[in-house]
Every structure is written in C-alpha cells, then in structure tokens.
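Examination of the molecular architecture
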Amino acid sequence: MHALTGFSLVSLLSFGYLSWDWAKPSLVADGPGEAGEQPTAAPPQRPHIIFILTDDQGYHDVGYHGSDIETPTLDRLAAKGVKLENYYIQPICTPSRSQLLTGRYQIHTGLQHSIIRPRQPNCLPLDQVTLPQKLQEAGYSTHMVGKWHLGFYRKECLPTRRGFDTFLGSLTGNVDYYTYDNCDGPGVCGFDLHEGENVAWGLSGQYSTMLYAQRASHILANHSPQRPLFLYVAFQAVHTPLQSPREYLYRYRTMGNVARRKYAAMVTCMDEAVRNITWALKRYGFYNNSVIIFSSDNGGQTFSGGSNWPLRGRKGTYWEGGVRGLGFVHSPLLKRKRRTSWALMHITDWYPTLVGLAGGTTSAADRLDGYDVWPAISEGRASPRTEILHNIDPLYNHAQHGSLEGGFGIWNTAVQAAIRVGEWKLLTGDPGYGDWIPPQTLATFPGSWWNLERMASVRQAVWLFNISADPYEREDLAGQRPDVVRTLLARLAEYNRTAIPVRYPAENPRAHPDFNGGAWGPWASDEEEEEEEERARSFSRGRRKKKCKICKLRSFFRKLNTRLMSQRI
C-alpha cells in the first residue's frame with residue numbers, strides 16, 4: 001500500500017474548494033429538498049446530463065446484484081431509477097470510450113484492435129464529431145473529469161480539443177492513484193495528471209477517486225443551473241493498481257482474499273464519491289432537472305479482485321462477463337421509475353439518446369450505429385435496437401481451428417468476432433478465456449476447485465447461444481442450429497464490408513516522457529504525423545508482400561505468454 005494511503009481526512013479538508021464532504025451522513029436523500037439543497041428557480045427545458053463511468057467494475061460487484069461489496073449509493077439510485085439489465089459495453093477500455101463519444105462501432109473508427117497505448121501516434125479520429133461537441137452546439141457547457149484513454153499524441157486529440165470546455169484527469173490507461181505515475185514498460189515512466197492542456201503537478205498526492213469527485217462538486221458549485229450542463233465523470237476506479245485509503249480497507253478486514261479486499265475497498269470508496277456528486281447536484285440546484293447515467297466500461301478483471309459471476313468470462317473477452325454492462329439511469333424526469341428495463345441497449349446508444357435529450361439533432365450524415373433509447377428507458381417502450389455488433393478484430397490472433405470452410409464459405413471463423421441478433425449470440429475465432437469464475441472471497445483462490453469450471457482445451461471456433469434463455473452461455477447450440485449460425489455469419493460479413501482499415505500504428509520513441517519534461521503528453525507535430533502515416537502505408541505494403549520472421553516470433557511469444565498466464569492464474 002502506498003505511503004499516502006493513510007492520508008488523513010483532516011488534511012484533505014485543507015485543500016479549499018477540494019474539500020471532501022464525507023462527514024455528511026445522508027448525502028443521497030430521499031427527496032430533492034433534503035441534504036441541504038437550496039431552493040431553485042424554474043428548471044430550464046434542457047436537462048443537465050451527468051454521465052458516470054467506472055473502470056473495470058465487474059457485473060457482480062454492485063450491491064443490487066447480490067455482491068458482498070457495499071454500494072449503498074448505487075443501490076439507492078438504481079432502485080429509484082431504471083436498472084438496465086440488457087445493456088452492453090465493450091470488453092476493454094478504449095473501445096467503450098470511443099463508442100460512447102462517437103456513437104459508432106469500432107469497425108467504423110479504425111479502433112477495432114486492442115487499446116490506444118501511450119506511445120502510439122493514434123487517437124480518436126479527428127473527423128468524428130464527438131458527443132460533447134454535439135452538446136456544445138446545443139448550448140451546453142461541457143466538462144470532463146477522470147480518465148481519457150482516447151489518445152493524446154497531438155494537441156488536437158486532447159479532451160479540450162474534442163468538445164470539453166474543461167478537463168482534469170489522466171490521458172493514459174492506468175496511473176498510480178496517488179502519484180499519478182504511469183509506466184509503459186521498464187524505464188518508460190511519466191507523470192499523468194492534467195488540468196486543461198497543462199500538467200497538474202501540484203495535485204499529486206491526492207487519491208484520484210476523491211480528487212475527481214471534489215472537482216465535479218466544484219464545477220457544480222460554480223455553474224449556473226440555468227445553463228444546461230454536461231458533466232462526464234470517468235473514474236479511474238476500480239482499475240489496477242489496487243490502491244485504497246486505509247479506512248475503506250478496514251471495512252473488509254475479514255475478507256480472506258487480499259486482492260478482493262483491496263478491490264472491494266476501492267468500489268465502496270467510489271460509491272461514496274458518487275454520493276458526494278449527487279449531494280452537490282441537490283445542494284446547488286441541479287437535481288430536479290438532471291439525468292444521472294451510471295455505466296461500467298467493461299467486465300471485471302477476475303485476476304485483480306473483480307467478479308462477473310454468474311456470467312462467463314472476464315474483461316478482455318467477448319463472453320457475457322466481458323461485455324454485459326452495469327448500468328442504470330436515475331432522474332426525476334423519468335416517466336416510469338423504480339423498475340428494471342430489459343430493453344436491448346448498447347453503449348453507442350448514449351450518443352443519439354443524449355443529443356436528443358439536449359434538443360440537438362442527428363442525421364444520416366452522422367453515420368451513427370446507436371439508437372435513441374430514451375423512450376425505452378423513461379416510458380418502458382420497446383427498444384429500437386434488435387442487434388449488436390460486439391466487434392470484428394482482424395488483427396487478433398486467429399483461431400487455430402477456424403477456417404472459411406468452417407464458416408460455410410461466408411465467413412472465416414478464425415477471425416475474432418461476436419454479434420448479437422435478437423436472442424441469438426454468435427462468437428467466432430478466439431473470444432478469450434471462457435471460464436465461469438466465482439467471487440474470489442477465499443484466501444486460497446484460485447485453488448484446485450476452480451478447475452471444475454475451466455474451459456482450457458476447447459477445439460472450436462464457432463459458438464452459438466440463446467442469450468435470453470441461457471444468459472450464462474452454458475449450452476452451445478452451434479451444432480444444433482446451423483441455420484442460425486449461417487444467418488449470423490452472413491450478418492457479420494455484411495458488417496465487415498462497411499469496416500475501415502484498422503489503425504494500430506507502431507510505438508514512437510518520441511513519446512517517452514523523458515522528452516516531454518517527465519510527463520505523458522502530446523509529442524507529434526503535423527509534419528511528424530504525415531511521416532508516420534507514410535511509414536504506416538509503407539509497412540502495410542511490405543506486410544502484404546512478405547511477413548517477416550521476427551513478426552512470426554513476436555506473435556508466437558505473445559500467444560505463449562498469454563497461455564502461461566492463464567495456467568498460472
């Protein structure tokens with residue numbers, strides 16, 4: 001545990017506007033007039049939108065899903081709003097965030113492979129009109145707090161250039177919760193906390209979950225409720241490293257598994273941060289005209305304390321445990337509250353839904369893959385969505401047992417892909433490790449008993465499940481329903497014809513923090529960008545002519561390392 005985990009609450013309160021209102025016992029009150037809320041004027045027509053995104057929170061890791069982790073705020077907000085129990089996200093960080101902010105599938109932005117890494121000259125495509133840009137057009141003030149992870153190699157890629165009026169947070173995928181250091185390999189380390197487009201050296205030492213909630217409260221305290229607000233809070237929690245203030249660890253001192261104990265403390269701390277943001281909405285007159293959306297970004301990492309039980313799989317896989325999201329909407333503006341929605345939804349749907357709520361417009365020119373699902377959420381109507389393309393990743397390691405022949409000549413089943421159409425879900429290629437992993441509450445986890453649920457030696461490349469009847473993906477129907485398999489393979493092929501080339505450039509040594517004052521940040525000029533694109537084109541041409549031996553070796557060792565890690569866990 002970091003030396004600052006014992007940082008006292010008294011010293012936190014000394015940071016002026018960053019003071020942490022933990023002492024208030026009921027920050028999420030039953031009524032909008034409670035918790036010290038000030039009287040408000042007549043609400044404006046357009047609602048305030050608060051989108052809260054958590055990182056690596058597992059499907060099982062919330063109280064209302066039967067978890068052993070305490071999340072009283074999330075439970076209360078969800079119970080009084082609409083729980084989204086047929087809601088899908090992406091299996092890893094960058095894809096979910098890109099689809100949230102563009103309303104488009106990965107295959108349509110070139111980000112269908114892996115994540116954007118710190119040293120890659122890559123970012124959310126600059127020709128995409130983002131959600132905050134659309135909301136700015138509708139007259140909204142837009143603010144982001146937390147994790148970006150959508151690229152930063154050029155200044156044009158930064159949050160403040162992509163639609164946000166203000167930004168406080170990290171640009172990379174994971175940082176130390178106190179020091180904000182991030183290492184992208186041995187010796188490649190740098191500081192990553194930014195305010196606007198400047199490095200925020202002076203804020204180091206404060207636990208990020210608390211810091212981000214305090215900044216959100218500060219934004220609300222200094223903004224007029226008469227002007228519509230979009231506040232995007234993307235918590236770093238509960239991504240690794242597993243770090244938590246000591247007082248939250250104490251609550252779970254009897255939990256035998258150390259990783260689960262730390263993870264649980266982080267989840268509860270994040271829950272209280274949401275409580276403080278909700279209290280600030282009420283105190284400063286925003287709550288009555290607000291829409292609060294809560295979402296996870298991908299499945300929980302079971303290697304690091306998370307749990308998606310009873311779903312199959314984990315973060316980084318296309319099994320339900322990797323893509324079934326935690327989500328709910330809480331708002332006084334909902335027409336039908338206190339219920340559970342089973343309407344099919346995907347993270348791309350937030351773009352047209354929120355633009356519609358804001359009084360903005362979308363058109364065919366936006367080429368969106370999302371749908372406006374507000375009537376389904378607020379009124380309980382049927383969802384306009386009937387299918388979800390989870391992804392097509394042509395660069396991921398091809399499955400050994402897949403082939404074009406195995407896909408009826410329609411689709412190469414060696415390619416990693418997943419699609420949901422109606423009640424059917426089809427997976428091809430290598431979907432990722434498909435274990436069912438119970439919550440890691442035992443001190444001896446993983447233990448030999450885990451092997452009872454392992455699927456370590458599967459020799460196939462096509463799976464078919466009726467997700468409505470079998471949400472845990474235990475009965476593969478591919479052999480029994482070849483007609484459905486053929487139909488969904490054809491649908492994959494149709495989607496693939498609309499895909500743009502994958503953008504996954506080689507890492508650039510210019511990105512090293514040592515060349516940027518010790519911090520991660522933009523490093524490329526327009527000239528370097530043109531040179532990088534030319535190198536990428538040359539590499540692509542050369543790759544088509546001949547695949548080098550070192551590339552084959554690199555692929556071999558990557559596969560070997562993945563398999564060894566799985567067996568070790």
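About the cut-offs
Residues numbered from 1 in each chain as written. Predicted model: local features only at pLDDT ≥ 70, side-chain atom pairs only at ≥ 80, totals over all residues. Heavy atoms only, no water. UniProt positions renumbered as here; feature names shortened; annotations may be inferred. Phe/Tyr/Trp six-rings, centres within 6.5 Å; stacked < 30°, edge-to-face > 60°. Helix = DSSP H or I, 4+ residues; strand = E, 2+ residues; numbered from the N terminus. Buried < 20%, exposed > 50% of the residue type's maximum accessible area, 1.4 Å probe, protein only. Lys NZ or Arg CZ within 6 Å of the ring centre and 35° of its normal. pLDDT = per-residue confidence, 0-100. Contact = heavy atoms within 4.5 Å. Axes fitted to C-alpha atoms, helices over the stretch in contact; angles between N-to-C directions. Parallel < 35°, antiparallel > 145°, perpendicular 65-115°, else oblique. Nonpolar A, V, L, I, M, F, W, Y, C, P; charged D, E, K, R; others polar. Core = buried A, V, L, I, M, F, W, Y, C linked by side-chain atoms within 4.5 Å. Disulfide = S-S within 2.5 Å.

Per an unreviewed UniProt entry, the protein chain goes by the name Sulfatase N-terminal domain-containing protein and belongs to Saguinus oedipus. Taken from UniProt, the Sequence similarities (unreviewed entry) comment for the protein chain reads in full: "Belongs to the sulfatase family."

**Quick word on the packing of aromatic side chains**
The full count for this structure, using the stated rule, is 15 aromatic pairs. Note on Tyr178 and Tyr207: the rings are 5.2 Å apart at their centroids and 45 degrees apart in plane angle, and the pair reads as tilted. Of the two residues, Tyr178 sits in the loop between β5 (166-170) and β6 (181-183) while Tyr207 sits in the loop between β9 (198-199) and α5 (208-221), which places them 29 residues apart along the sequence. The burial state of Tyr178 is the same as that of Tyr207; both residues are buried. Grouped by ring-pair contacts, the aromatic residues Phe51, Tyr87, Phe164, Phe230, Tyr232 and Trp350 constitute a single cluster. Its end group placed over the ring of Tyr250, Arg253 keeps NZ or CZ at 3.9 Å from the ring centre. Over the ring of Tyr287 we find Lys282; its NZ or CZ atom is 4.7 Å from the centre of that ring.

**Details of the confidence of the model for the protein chain**
Chain-level pLDDT for the protein chain is 87 on average; 81% of the residues reach the 70-or-more range. In this model residues 1-44 is a low-confidence stretch, pLDDT under 50, and it forms 92 contacts with partners more than four residues away in sequence or in other chains. Taken as a whole, residues 553-569 scores under 50 in pLDDT and shows 12 contacts with residues more than four places along the chain or in a different chain.

**What about the packing of helix α2 (residues 72-79) against helix α7 (residues 258-283)?**
Between two packed helices, the angle of one axis relative to the other and the distance separating the axes together describe the packing. Running from amino to carboxyl end, α2 crosses α7 at an angle of 55 degrees, the nearest separation of the two axes being 7 Å. Judged on the interaxial angle alone, α7 and α2 are oblique. Facing α2, whose interface residues are Pro72, Thr73, Leu74 and Leu77, α7 presents Met270, Asp271, Val274, Arg275 and Thr278. Taken together, the residues that form the contact of α2 with α7 break down as 5 nonpolar, 2 polar and 2 charged.

**As for the nonpolar core**
Core analysis: the biggest nonpolar cluster contains 56 residues, and Ile52, Leu193, Leu231, Phe235 and Met270 have the highest contact counts within it. Sorting the residues of this core by element identifies β1 (48-54), α2, α5, β10 (229-234), α6 (246-251), α7 and β11 (290-296) as the ones contributing at least two each. The element contributing the most residues to this core is α7, with 12 residues. Not counting the four nearest positions on each side in its chain, Leu193 is found in contact with Leu168, Gly169, Tyr180, Asn198, Val199, Ala200, Leu203, Leu211 and Tyr212.

**Focus on the state of the cysteines**
Evaluated as defined, the whole model comprises 2 disulfides. Residue Cys123 pairs covalently with Cys157 via a disulfide, S to S 2.2 Å. Where Cys123 bonds to Cys157 through sulfur, the torsion about that S-S bond is close to -60 degrees, and the disulfide is left-handed. Placement of Cys123 in the loop between α3 (93-102) and α4 (131-137) and of Cys157 in the loop between β4 (141-147) and β5 is noted, with a sequence separation of 34 residues between them. Cys157 sits in the buried class, given a relative accessible area of 1%.

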